[in-house]
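# A structural walkthrough
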Amino acid sequence: MKPFAYQRATSVDEAVLAVAGHPETVYLAGGTNLVDLMKLGVSRPQALVDISRLPLDHLTHQDGHTVIGAMATNAAVAGDPVIRANFPVLSESILAGASGQLRNSASTAGNLLQKTRCAYFQDVSKPCNKRAPGSGCPARAGAHRDLGILGVSTSCIATQPSDMAVALSALDTTVSLRSATGERTVKLQDFYVAPGTTPHRETVLEHGELITQVALPALPEGAVSRYHKVRDRWSYAFAVISVAAVVVMDAHGRIEQARIAWGGVAPRPWRALLAEAELRGHKPSPELFERALRAELRHATPLPQNEFKVDLVKDVTAGLLTDLAHPAGDRKVTR
Ligand SMILES: Cc1cc2nc3c(=O)[nH]c(=O)nc-3n(C[C@H](O)[C@H](O)[C@H](O)COP(=O)(O)OP(=O)(O)OC[C@H]3O[C@@H](n4cnc5c(N)ncnc54)[C@H](O)[C@@H]3O)c2cc1C
Ligand code: SF4
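Reference entry: report on the structure contained in this document. Being a predicted model, the structure only gives us computed values, none of them experimental.

## A few points about the site of ligand 2
- Within the structure, ligand 2 sits among 13 residues, and C118, C128, C137, C156 and I157 are positioned closest to it.
- Applying the majority rule of atoms within 2 Å of the grid points places ligand 2 in the largest cavity.

What follows is the structure, given as structure tokens:
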């Protein structure tokens, strides 16, 4: 591992100033992803600014809205009783990832910013456009079974690995960012950027900007939500595909609102907006689900090894929508 300087920040201002203007300095949160990448030589910062002691571990609830501090641990968020009651999809997504020990260290912001698990990205002896811009993408002709089918480019087909981000996408979450010059808020949907010809640029975050918190708007009365992850092993496995869904039915048994986000298929949490539009206002049926999901997946560009993901994500989503459109009642949001 390359030697690096270390500084523990005592305030948000101090942290931001220590990183802004220093391109080789990065924030250290729980360290569960960054330190691994430093050991592999994938990440080679000159200095780390430790933000783990900043007062950013808040979890507040008001009128159905929830605000989660950037340093709230994955364990704290998943176990929070209000989140479990109001946003079960979020709690389930976190518990479907990593291990208890990791979730005790892993932070909310670090989870959203964790790097792809593409094996070529993690292997510095191989070319990779994301790690070394312009060097090539061996995944397209090599091992791409776990990689993306939607929103990918010829430069990169890597997936964003965060389970939590998928649930937060279905929950219409916003992300608050703090820089040396001010604050801004962006929708999670707009936070991740498409790879295009610059896959090394993954989010709208500018160097030195600090995520301070994420905000979840209240769900409509009667909303039900769930997360389903398909993985190769029961634990320590990232998603082959995953589905987060939020459904609201109207008084006539029609789908008033369906929000669907997919993980394991794209360089960002993939919001299935075309499918959502097809579902709105209709009574649930297998034919409706098939039609709506096909409309979304028409835009998939799979490669030979990951073609199976098209039917897999369709079928898992249809199953989840079937369950949510006929809920047992115990997952409904009530206020
Ligand atoms: C064995 C193993 C299995 C795992 N399985 C899963 C899984 O199934 N699903 C899943 O979703 N995750 C999984 N993870 C990933 C784990 O959830 C992440 O490592 C963790 O969430 C990262 O959080 P952290 O606080 O440790 O981030 P760090 O490693 O400290 O940071 C990650 C990145 O975020 C940046 N950063 C951190 N905080 C901020 C901030 N506030 N503002 C700006 N930048 C910031 C850092 O500079 C760094 O680039 C697994 C990890 C391991 C090691
Ligand atoms: S898919 Fe992306 S991360 Fe993987 S090798 Fe290609 S460029 Fe690198």
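## A few points about the sheet that holds strand β4 (residues 59-62)
- Read from one edge to the other, the open sheet built from five strands follows the order β4-β5-β8-β6-β7, with strand pairing classed as antiparallel. Taken across any chain shown, the strands that pair with only one partner, and hence form the sheet edges, are β4 and β7 (183-187). The sheet shows a mean angle of 20° between the axes of neighbouring strands, direction not considered.

## Considerations on the site of ligand 1
- As a matter of local geometry, ligand 1 sits amid 32 residues, with Y27, G31, T32, S107 and D163 nearest to it.
- Take T32: an N or O atom from its side chain is 2.6 Å from an oxygen atom of ligand 1.
- Note that an oxygen atom of ligand 1 is positioned 3.3 Å from one of the side-chain N or O atoms of N111.
- Protein contact buries 91% of the 980 Å² of open area that ligand 1 shows by itself.
- Counting residues per element, the ones that place at least two in the shell around ligand 1 are α2 (34-40), α7 (108-113) and β8 (210-216).
- Broken down by element, the residue count for the shell around ligand 1 peaks at four residues, all from α7.
- Looking at the shell around ligand 1 residue by residue, the classes come out as 16 nonpolar, 11 polar and five charged.

## Notes on the nonpolar core
- L90 and F191 are the most contacted members of the largest nonpolar core, which totals 38 residues.
- At the level of secondary structure, the elements contributing two or more residues to this core comprise α3 (74-79), α5 (88-95), α7, α9 (163-170), β6 (174-178), α10 (188-191), β8 and β10 (241-249).
- Counting residues per element, this core draws most heavily on α9, at six residues.
- When residues no more than four places from it in sequence are discounted, the contact partners of L90 are I68, V77, I83, M164, A167, L168, L171 and L216.
- Counting residues in each nonpolar core, the second largest holds 29 residues, with L150, A245, W262 and V310 among its members.

## Observations regarding the packing of aromatic side chains
- A full pass over the atoms with the stated rule returns one aromatic pair.
- Taken together, a centroid distance of 5.2 Å and an interplanar angle of 80° make the contact between F191 and Y192 edge-to-face. For the pair formed by F191 and Y192, the shared burial category is buried.
- The ring of W234 has R231 lying over it, and the distance from NZ or CZ to the ring centre is 4.7 Å.

## Things to note about a nonpolar patch on the surface
- Judged by side-chain polarity, M1, F4 and Y6 come together as a nonpolar surface patch covering roughly 320 Å² of accessible area.
- Its location among the elements puts F4 in the segment before β1 (5-8).

## A few points about helix α1 (residues 12-19)
- Burial in α1 covers these residues: V12, A15, V16, A18 and V19. Taken down its axis, α1 places every buried residue within 160° of arc, on the same side.
- Buried residues along α1 sit in contact with β1, β2 (25-28), β3 (47-50), β6 and β8.
- Positive backbone phi, approximately 80°, marks G21, located one or two places after α1.

## Concerning the pattern of salt bridges
- Overall, the coordinates contain 20 salt bridges when judged by the stated rule.
- Two residues, D232 and R145, come together in a salt bridge whose shortest N-O distance is 2.8 Å. With D232 in the loop between β9 (224-230) and β10 and R145 in the loop between α8 (119-122) and α9, this pair connects stretches of sequence that are 87 residues apart.
- Its relative accessible area of 31% is what places R145 among the partly exposed residues.
- R184 is the salt-bridge partner of E209, the closest N and O atoms lying 2.7 Å from each other. Residue E209 is found in the loop between α10 and β8, and its partner R184 is found in strand β7; the two are separated by 25 residues along the sequence.
- We classify R184 as partly exposed; its relative accessible area is 31%.
- Each of E290, R294, D311, K314 and D315 takes part in one network of salt bridges that share partners.

The rules we used
- Residues numbered from 1 in each chain as written.
- Chains lettered and ligands numbered in written order.
- Predicted model: local features only at pLDDT ≥ 70, side-chain atom pairs only at ≥ 80, totals over all residues.
- Heavy atoms only, no water.
- Near = heavy atom within 4 Å.
- 1 Å grid on protein atoms, 1.4 Å probe; cavity = no way out; pocket = protein on both sides within 12 Å on 5 of 7 lines; lining within 4 Å.
- Sits in = over half its atoms within 2 Å of the grid points.
- Pairing = 2+ DSSP bridges.
- Helix = DSSP H or I, 4+ residues; strand = E, 2+ residues; numbered from the N terminus.
- Axes fitted to C-alpha atoms, helices over the stretch in contact; angles between N-to-C directions.
- Polar contact = N/O pair within 3.5 Å; in protein donor to acceptor, adjacent residues only side chain to side chain.
- Areas by Shrake-Rupley, 256 points an atom, 1.4 Å probe, with all protein chains shown as cover.
- Nonpolar A, V, L, I, M, F, W, Y, C, P; charged D, E, K, R; others polar.
- Core = buried A, V, L, I, M, F, W, Y, C linked by side-chain atoms within 4.5 Å.
- Buried < 20%, exposed > 50% of the residue type's maximum accessible area, 1.4 Å probe, protein only.
- Contact = heavy atoms within 4.5 Å.
- Phe/Tyr/Trp six-rings, centres within 6.5 Å; stacked < 30°, edge-to-face > 60°.
- Lys NZ or Arg CZ within 6 Å of the ring centre and 35° of its normal.
- Patch = residues over 30% accessible without salt bridge, like charges linked within 9 Å, V, L, I, M, F, W, Y side chains within 5 Å.
- Salt bridge = Lys/Arg side-chain N within 4 Å of Asp/Glu carboxyl O.
- Arc of directions from axis to C-beta.

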